[in-house]
Amino acid sequence: MDFHHDDDRRMLADTLGRYLADRYAFDVRTRIATSEAGWSAEQWRAMAELGIVGALFGEAAGGFGGGGFDIAIVFEQLGAALVVEPFLGTLMAGRVLAGAGETDLVEQAIGGGAVFAFAHGEPQGRYELADIRTAATPTAAGWTLSGAKSVVPQLEAASHILVSARTSGEPGEEAGISLFVVEKGAPGLDVRGYPMIDGGRGGELSLDDTPARIVGAEGTAYAVIEAAVAAGIVALAWEAVAIMDVLKAQTIDYLRTRQQFGIPIGKFQALQHRMATVALEIEQARSSAINAAAALDGDRLARERAVSAAKYTIGRIGTLAAEEAIQLHGGIGMTWELPLSHYAKRLTLIGHQLGDEDHHLERFIELGRELGRTG
Amino acid sequence: MDLAYGPDEIAFRDEVRAFLKERLPQRLADKVRLNHRLDKADLEEWHAILNARGWLGNHWPVEWGGPGWTPVQHNIFDTETGLAYAPRIIPFGLSMLAPVLIKFGSDEQKRHFLPRILDGTDWWCQGYSEPGAGSDLASLRTSAVRDGDHYVVNGQKTWTTLGQYADWIFCLVRTDPTVKKQEGISFLLIDMTTPGVEVRPIILLDGEHEVNEVFFTDVRVPVGNLVGEENKGWTYAKYLLSYERTGIAGVGASLAAFAWLQHIAATEQKRGRPLAEDPYFAARLAKIEIELENMRTTNARVLMASGGGAAPLAESAMLKIRGTEIRQEITNLARRAIGPFAQPFVSEALDEGFNGEPIGPDYAAGIASDYFNNRKLSIFGGSNEVQREIITKATLGL
Ligand SMILES: Cc1cc2nc3c(=O)[nH]c(=O)nc-3n(C[C@H](O)[C@H](O)[C@H](O)COP(=O)(O)OP(=O)(O)OC[C@H]3O[C@@H](n4cnc5c(N)ncnc54)[C@H](O)[C@@H]3O)c2cc1C
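What counts and how
Residues numbered from 1 in each chain as written. Chains lettered and ligands numbered in written order. Predicted model: local features only at pLDDT ≥ 70, side-chain atom pairs only at ≥ 80, totals over all residues. Heavy atoms only, no water. UniProt positions renumbered as here; feature names shortened; annotations may be inferred. pLDDT = per-residue confidence, 0-100. Near = heavy atom within 4 Å. Polar contact = N/O pair within 3.5 Å; in protein donor to acceptor, adjacent residues only side chain to side chain. Areas by Shrake-Rupley, 256 points an atom, 1.4 Å probe, with all protein chains shown as cover. Helix = DSSP H or I, 4+ residues; strand = E, 2+ residues; numbered from the N terminus. Nonpolar A, V, L, I, M, F, W, Y, C, P; charged D, E, K, R; others polar. Contact = heavy atoms within 4.5 Å. Buried area = accessible area lost by both parts, 1.4 Å probe. Salt bridge = Lys/Arg side-chain N within 4 Å of Asp/Glu carboxyl O.

Labelled according to an unreviewed UniProt entry, chain B appears under the name Acyl-CoA dehydrogenase family protein, originating from Sphingomonas abietis. The heading Sequence similarities (unreviewed entry) in the UniProt record of chain B holds the text "Belongs to the acyl-CoA dehydrogenase family." UniProt, in its Cofactor (unreviewed entry) section for chain B, records the words "FAD".

Identification of chain A as Acyl-CoA dehydrogenase from Sphingomonas abietis is taken from an unreviewed UniProt entry. In UniProt, chain A has this text filed under Sequence similarities (unreviewed entry): "Belongs to the acyl-CoA dehydrogenase family." Listed under Cofactor (unreviewed entry) in UniProt, the entry text for chain A is "FAD".

Participant: I'd like a rundown of the confidence of the model for chain B, residues and numbers included.
Facilitator: Residues at a pLDDT of 70 or more form 98% of chain B, whose mean pLDDT is 94. Both scores are given for the predicted complex: the pTM is 0.97, the ipTM 0.96.

Participant: Can you explain the site of the ligand? Please cite residues and give values.
Facilitator: Close contacts around the ligand come from 27 residues, with A:Arg258, B:Ser135, B:Thr161, B:Ser383 and B:Glu385 the closest. Each of chains A and B places residues near the ligand. Note that an oxygen atom of the ligand is positioned 2.6 Å from one of the side-chain N or O atoms of A:Arg258. B:Glu385 has a polar side-chain atom sitting 2.6 Å from an oxygen atom of the ligand. Expressed as a share of its isolated accessible area of 970 Å², the protein-covered part of the ligand is 96%. Elements with a contribution of two residues or more to the shell around the ligand: helix H9 (300-329) of chain A together with helix H12 (384-395) of chain B. Of the residues belonging to the shell around the ligand, the class tally is eleven nonpolar, twelve polar and four charged.

Participant: Go over the interface of chain B and chain A, please, and point to the residues and values.
Facilitator: With 48 residues of chain B at the contact, the number on the chain A side is 44 residues. Carbon and sulfur atoms make up 56% of the area that chain B and chain A hide from each other, which totals about 4,200 Å². Sorting the residues of chain B by area buried against chain A places B:Leu205, B:Tyr280 and B:Gln343 first, and these three jointly supply 19% of that buried surface. The interface formed by chain B and chain A includes ten salt bridges. Summed over the shared surface of chain B and chain A, the number is 29 residue pairs in polar contact (both at pLDDT 80 or more). Put simply, the parts of the chain that give the side of chain B that touches chain A at least two residues each are strand E6 (197-203), strand E9 (269-270), helix H9 (279-305), helix H10 (313-337), helix H11 (367-373) and H12 of chain B. Top contributing element to the side of chain B that touches chain A by residue count: H11(B), with five residues. Its residues assigned to classes, the side of chain B that touches chain A shows 24 nonpolar, twelve polar and twelve charged.

So this is what it looks like as structure tokens:
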């Protein structure tokens, strides 16, 4: 066993870490996160040039990574700097496109030219991957889509939107779902953007006979979506772990320096034990993220159980770490001015992406039953 | 034991209900329920409605305009106003300063200030905390130095809730730096329009302006604004903190927030069924419902035992800790209940008159920010850790 990253990955992490320290300092991040656009095309291009997007994809698609730990190392750095750029959507949509042989498009993304959004969740969907009602209709020229997608991160930033839709079957069924690419500005496409509470922007997508190009085989996209979401969960898990590390470091620092009753508050045993609990829980979260990254490229059931376990774990521990960080800071932890509060918000809201704690606990149990049947 | 209300109590409850039905503006109740912004005018409107009925200073002695309620009546009033989504009564003048003035203030102070608190002429804020003095409040440093018939005040207060609206601030100031820290503190009333007072906003993590920093530079305060005796301020401050704890558990407001949470859980769908029926979420709801029901009884027990007056510190501490934890858990569940719709945040949607289309269900707009904002409950008014210290010292003999 070896829990170290290899040299290439370490170099990549260093490069990205240095870039973010120099160019994505917290005040820069805040300006981008709260701006009208909610992202920075310039930062995106610069990071793409560093190879950050390329690290998310395998060689067949023109990248030089694409494994679970490549995703881990990138998103860990992004999390530590609270980056709001459209990496998550590009990761998930890009993996689908790469899998379907759309390497041209993926190469454009790797170069920083194309930006993807992964528009899968629907207003009624509540994390259920098969609850898809958006309808695809064949036409002479290809397909048109009608329906709605909800809370898509950085939807407005995307040049290409990957949309799931039903070519057959009923909402809730795994069969009958297909994937399509829709281009920005396509007829019948409406994007309603808004700020997210943890920074950056999201959007509601509505499609009304919008022309679209099918990606991959018709009706069998469920498995592809599940795999893309698994990659997304690995990304979120590592983003979350990095945020927890930041919260922990800042809180320990505060406990050491803040004086009340003539001593640093870190001398109060009541707070020491709380901090110790947070610290040990974060290590559990990190292990869950390692397990998920390690399982990403393997067998489906093992992979899905590991990502659900990780999403459950970071959901539970993320809430704990965020709430404790605020609490142990007292009033100052409640302020906009302190970066910590924004880390806490992001960490909490990660719990609302790609399935929350309860959703993944339930799913883990179901997958266990499935394993019992097949194993 | 008999947990049921007697006939008089039922009659009183019905009276409160009828009053709320008739007088609580639907507009205000909707805002409270949906976590929309309440501005100064909204809060003043509700204060004035209560005052017209003689229920605003409901903890005040009858001679100063209080209604003379029993502890059970207070409890009923808090529960019913909470359940009806009435705005909270802003406590600074009414239930913090007023009891101190009534017990320790001069006749002149009482005659001047108390009616103005009731009729809304003066909006008060609380100047206790300082950057270096939070949990360790007695280490405060803002100084007041006697100069003829004035005190000259210098220093800084912080976390002053709604200080941006305030006409007056009641402050703890240091009048004797040479003695034990609790013994050199005085309780001073300061007109916010006095030269040298400056208020600066602090923005909280939800983006809202609710607290402030208040700076004092050579602020001249007439000695007539000293409450009680010089250097006895700590006694008054402690009295203020332990006075009348009926509202501290927030049972009424939590019952209402829980009822609204149940509505959300019944409306949100998971796999085509109401979220409330999902066993995982149902378990979360059930636990909080049990806690809340227990709290309701604990609260009533403490109130009855304290005879409506000052509750003992340890009991107040228990109410504060558990009451705020329950409220925070309710906001936590509401956040979870709306799933991905917790992420969007359209600030304008919290303003009156917003008629844009909601993102997701119409109740979603203020839920995540309310969750974050309510992290304050376990921090302010003596943090929950400090409350635990109080319990440990006062009742456990440890
Ligand atoms: C939204 C908001 C509104 C407020 N409104 C007002 C107001 O209107 N007027 C006013 O005067 N003040 C107000 N406060 C201030 C509030 O009372 C203080 O924030 C509170 O007393 C905590 O002090 P602190 O922030 O300095 O934290 P600190 O005292 O520095 O505490 C930091 C952490 O250490 C813990 N801690 C401290 N001492 C101990 C101990 N002995 N044992 C164990 N743990 C300990 C605390 O619990 C906390 O977790 C408000 C605060 C907030 C956040």
